[in-house]
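Structure at a glance
Here are the chains, one letter per residue:
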Amino acid sequence: MAKRATYAERLGKRLLALRKAACLSQKEVGLALGLEPYEMSRYEHGDAQLPFQVALAVAKWFGLNVAVLDPDIPLAEEHLLMLVRKAFGSNRGQAQST
């Protein structure tokens, strides 16, 4: 029987999908949030638990509700892409103010 991924691993996959949907590197997101690129890698791989304050900063920077990051809330990849495109529009790497 396959081992169920931990919450940190599932959250990391959601974070990775969000970053890739915005066509951003770990370095770009990390710098924007005041994090080191290796920290983004650890969060995305589930090697480190994403602190709530960082989750809030990620959501705010992407222009999304923090609940979007919760891997236990079903969210189709197409919906995630739509949210990211709406937040970033044509300005890659900078969320638009609403």
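Preceding block: the structure.
The rules behind these values
Residues numbered from 1 in each chain as written. Predicted model: local features only at pLDDT ≥ 70, side-chain atom pairs only at ≥ 80, totals over all residues. Heavy atoms only, no water. Axes fitted to C-alpha atoms, helices over the stretch in contact; angles between N-to-C directions. Helix = DSSP H or I, 4+ residues; strand = E, 2+ residues; numbered from the N terminus. Parallel < 35°, antiparallel > 145°, perpendicular 65-115°, else oblique. Contact = heavy atoms within 4.5 Å. Core = buried A, V, L, I, M, F, W, Y, C linked by side-chain atoms within 4.5 Å. Buried < 20%, exposed > 50% of the residue type's maximum accessible area, 1.4 Å probe, protein only. Salt bridge = Lys/Arg side-chain N within 4 Å of Asp/Glu carboxyl O.

A closer look at the packing of helix α2 (residues 26-33) against helix α3 (residues 37-44)
- Here α2 crosses α3 at 110 degrees, and the two axes come no closer than 8 Å. Between α2 and α3, the crossing angle belongs to the class labelled roughly perpendicular. Of α3, the residues touching α2 (which contributes Gln 26, Lys 27, Val 29 and Gly 30) are Pro 37, Met 40, Ser 41 and Glu 44.

Structural notes on the nonpolar core
- By size, the foremost hydrophobic cluster in this structure holds 27 residues, and its most contacted members are Leu 18, Val 58, Phe 62 and Phe 88.
- For this core, the element with the highest residue contribution is helix α4 (residues 52-62), accounting for six residues.
- Residues in contact with Val 58, not counting those within four places in the same chain, are Leu 15, Leu 18, Leu 33 and Leu 69.

A word on the pattern of salt bridges
- Per the stated rule, a full pass over the model turns up three salt bridges.
- With a shortest N-O distance of 2.7 Å, Arg 10 and Asp 72 are connected by a salt bridge. Taken as a pair, Arg 10 in helix α1 (residues 7-21) and Asp 72 in the loop between α4 and α5 (77-88) lie far apart in primary sequence, 62 residues in all.
- Residue classification places Asp 72 among the partly exposed residues on the basis of a relative accessible area of 44%.
- The closest approach of N and O atoms between Arg 19 and Glu 44, which form a salt bridge, is 2.5 Å. Separated by 25 residues along the polypeptide, Arg 19 in helix α1 and Glu 44 in helix α3 bring together distant segments of the chain.
- Its relative accessible area of 5% is what places Glu 44 among the buried residues.

This is a description of form; function is not addressed.
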